[in-house]
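For reference, the chains in residue letters:
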Amino acid sequence: MGTGVTCYARGVVLPSASPKQYSTALASPPSISPSFTSRSLKSSSIFGESLRVVPRSSLNKVSKTKNSSSLVTRCEIGDSLEEFLTKATPDKALIRLMMCMGEALRTISFKVRTASCGGTACVNSFGDEQLAVDLLANKLLFEALTYSHFCKYACSEEVPELQDMGGPAEGGFSVAFDPLDGSSIVDTNFTVGTIFGVWPGDKLTGVTGRDQVAAAMGIFGPRTTYVLALKDIPGTHEFLLLDDGKWQHVKDTTEIGEGKMFSPGNLRATFDNPEYDKLINYYVREKYTLRYTGGMVPDVNQIIVKEKGIFTNVASPSAKAKLRLLFEVAPLGFLIEKAGGYSSDGQQSVLDKVITNLDDRTQVAYGSKNEIIRFEETLYGSSRLKSGVPVGAAA
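To keep things clear, this report deals only with the structure shown in the data block.

Thresholds, definitions, all that
Residues numbered from 1 in each chain as written. Predicted model: local features only at pLDDT ≥ 70, side-chain atom pairs only at ≥ 80, totals over all residues. Heavy atoms only, no water. Helix = DSSP H or I, 4+ residues; strand = E, 2+ residues; numbered from the N terminus. Buried < 20%, exposed > 50% of the residue type's maximum accessible area, 1.4 Å probe, protein only. Contact = heavy atoms within 4.5 Å. Areas by Shrake-Rupley, 256 points an atom, 1.4 Å probe, with all protein chains shown as cover. Phe/Tyr/Trp six-rings, centres within 6.5 Å; stacked < 30°, edge-to-face > 60°. Lys NZ or Arg CZ within 6 Å of the ring centre and 35° of its normal. Pairing = 2+ DSSP bridges. Axes fitted to C-alpha atoms, helices over the stretch in contact; angles between N-to-C directions. Core = buried A, V, L, I, M, F, W, Y, C linked by side-chain atoms within 4.5 Å. Salt bridge = Lys/Arg side-chain N within 4 Å of Asp/Glu carboxyl O. Disulfide = S-S within 2.5 Å.

**Focus on the overall build of the protein chain**
And step 1. In terms of helices and strands, the protein chain carries ten helices and 24 strands.
And step 2. A burial count over the protein chain gives 57% of its 395 residues as buried.
And step 3. Pairs at least 24 residues apart make up 65% of the contacts formed inside the protein chain by residues separated by at least 6 positions.
And step 4. Per element, the accessible surface of the protein chain, about 16,300 Å² overall, is 50% carbon and sulfur.

**A closer look at the packing of aromatic side chains**
And step 1. Applying the stated rule across the entire model yields ten aromatic pairs.
And step 2. Seen in terms of ring centroids, Y283 and Y288 are 5.0 Å apart; in terms of plane orientation they differ by 40°. Their pairing is tilted. Judged on exposure class, the residue Y283 and its partner Y288 are both buried.
And step 3. Through successive ring pairs, a cluster of aromatic residues spans F262, Y282, Y283 and Y288.
And step 4. Over the aromatic face of Y153 sits the side chain of K152, whose NZ or CZ is 5.1 Å from the ring centroid.

**Here we look at unusual backbone geometry**
And step 1. With a phi close to 60°, K287 is a non-glycine residue in the positive phi region.
And step 2. The topology assignment puts K287 in the loop between α7 (274–285) and β18 (289–290).
And step 3. Residue class for K287 comes out exposed when judged on its relative accessible area of 68%.
And step 4. Here the phi dihedral of E307 falls at roughly 60°; this positive angle occurs in a residue that is not glycine.
And step 5. With respect to the helices and strands, the residue E307 is situated in the loop between α8 (296–306) and β19 (310–313).

**So, the sheet that holds strand β14 (residues 224–230)**
And step 1. Strand order in the open sheet made by the eight strands is β9-β8-β10-β11-β13-β14-β15-β16, with mixed pairing throughout. The open sheet has two edge strands, β9 (163–164) and β16 (247–253), and neither has a second partner.
And step 2. Relative to β9, strand β8 (residues 151–156) runs antiparallel, the two being bridged by two bridges. From the neighbouring strand, A154 faces β9, where its bridge partner is Q163.
And step 3. Where α8 meets the sheet, it contacts β10 (173–181), β11 (192–200), β13 (214–220), β14, β15 (236–241) and β16, and its direction lies at approximately 110° from that of β13.
And step 4. Those strands touched by helix α9 (residues 325–338) are β8, β10, β11, β13, β14, β15 and β16, and its axis lies near 85° from that of β11.

**Details of the nonpolar core**
And step 1. In terms of nonpolar packing, the biggest core is built from 50 residues, with M98, V198, Y226 and L230 touching the most fellow members.
And step 2. Examining the composition of this core, we find that twelve residues originate from one element, helix α5 (residues 92–113), more than from any other.
And step 3. Sequence-distant contacts of V198, that is, excluding residues within four places in its chain, are made with L94, L97, M98, F173, S174, V175, Q212, V213 and A214.
And step 4. Ranked by size, the runner-up nonpolar core spans 35 residues in total, among them V227, L335, V350 and L351.

**What to know about the pairing of β8**
And step 1. Burial analysis of β8 places five of its six residues in the buried class, the great majority of the element.
And step 2. In terms of strand pairing, β8 meets β10 through five bridges, oriented parallel. What sits directly across from A154, in β10, is V175.
And step 3. The antiparallel pairing of β8 with β9 creates a hairpin that spans six residues between the two strands.

**As for the pattern of salt bridges**
And step 1. Applying the stated criterion to the full structure yields 16 salt bridges.
And step 2. R210 serves as the salt-bridge partner of E337, at 3.6 Å between the closest nitrogen and oxygen. One end of the pair, E337, is in helix α9; the other, R210, is in the loop between β12 (207–208) and β13, with 127 residues separating them in the sequence.
And step 3. Salt-bridge contacts for E286 lead to K260; the nearest nitrogen and oxygen are separated by 4.0 Å. In this pair, E286 is assigned in the loop between α7 and β18 and K260 in the loop between β16 and β17 (261–265), connecting sequence segments 26 residues apart.
And step 4. A residue is classified by how much of its surface remains accessible, and E286, at 28% relative accessible area, is partly exposed.
And step 5. Three or more residues joined by partner-sharing salt bridges are found here, namely E157, R324, D359 and R361.

**Some thoughts on the state of the cysteines**
And step 1. A full pass over the atoms with the stated rule returns zero disulfides.
And step 2. Looking at C151, it has no disulfide partner, and the nearest cysteine sulfur is the one in C155, 9.4 Å off.
And step 3. Given a relative accessible area of 0%, C151 falls into the buried group.
And step 4. Taking the relative accessible area as the measure of exposure, C155 reaches 0% and is therefore buried.

**Digging into the pairing of β15**
And step 1. Burial of β15 is extensive: six of the six residues sit out of reach of the surface.
And step 2. Burial of β15 is two-sided: the residues T236, E238 and L240 facing one way and the residues H237, F239 and L241 facing the other way are all buried.
And step 3. Inspection of the sheet shows β14 paired to β15 by four bridges, in the antiparallel sense. Paired with Y226 across the strands is F239, a residue of β15.
And step 4. The turn linking β14 back onto β15 is made up of five residues, and G235 within it adopts a positive phi angle of 90°.

Remember that the coordinates give geometry; whether it matters functionally is a separate question.
Below you can see the structure in the form of C-alpha cells.
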C-alpha cells in the first residue's frame, strides 16, 4: 500500500492534496541527508507526537471531507491554525506547508526550553540526539518541509545552498529560513525565534520580497507564538501555543501607529556614520523608550504586537551590513508591511529589493510611516514616502 505523510497538531489533520500531486512529490529528495526520515521525526517530536505516516487512502478521505464542507471566509479570534488557514486561502498546498512548519515550531519551542547551555553552545540530549539548538532547529525545519510534499527548494542560514525537497515546481513553493535567530542569546534565556519566507515555484533568486505568498516567525519566549501573514488576506496574525499543543488565533494587526519606542541595532555604526548618530541622538533627546534585546525576532515582533515603534540596523564603513535579505529581512518586511507598517533600506522598501544572491545583505528599518520617513530623511536627505509636515531629526 502506498503511503503519504500527514501532519497532526494534537488531533488536527492537515488538508491534503490530490493523489496525482502526491505521486509527483513522494520521491526522496536527493540533497537531504539520510537522517531526514520519519524515524528521525519521531525522535524529534514533542510530547511523544510526530508527523505520522498514514495510508494514502486516508489522505484521500481527508481531502474529500474537506472539499465537501462549505468554507466560511471570515477568520476569527479563537480559530485554530487549521481553521484560520482554511478560511484564509483556497491553496491547500500552502495550508499544508504552513501547518507542517507550525508543527516544527512547536517542537523547536520544546527543544529550546529544555536545552542545556554550556560555555560555548546550548545542546539537546534526547536518546542519541545531541546537537546545538540552532542546528537542531535547522534539521527539524528541513524535515517539516520534506514531509509537506509541496516544497521544491529550501535553504537556510545554516545551509545557504538550495536543497531539493522533492516537491513540485508547479503548484509548489520554495522556502528560505533562519532556523534560530538569536541563538547566541539562548543561554541568557532571552527570547529567540525562527524566521521563514515562502515563494511560489522553484526560485529564490531573481525574486523580491514582494513575491512572497507567505512569511512567518516563531517566537520562543515566555509564550510561544506563531506570527504569520499570507498574500491572500490583509493583516499579520498571531497564534498562541496552548498547553494542549494547539495553535490558537489570538491577535490580528492591520495598522502600525505612531509611538515613541525604538530598537537600535548595530550601534557601533554611529562611530563613523554621522547620520545614524544623529538619528539615535534624536530618539534619546525626544525621550523615546528603548526596547532592544539583541534578537531581531523579538525586537521586530514588538512593533507588530505594540502596533508602534521602529527597529533600525544601519551599516557604516567600519560596521558593514550583516542582515541577510533572503533569510531575515524580506520575510520580516512582509510581516511588517502586511501589518500596516513600512520597511526601508534607506531609499526603498526592502520588499522591492531584488534578491540576486542567497547571501545578499542589507541595512534595514521597520516601523510606522512617520518613523520610516524620519529614517530616510535623516540618512539620505529625502523620503520616498510623502510627508505633509516635518517629522523630526532631519527637519
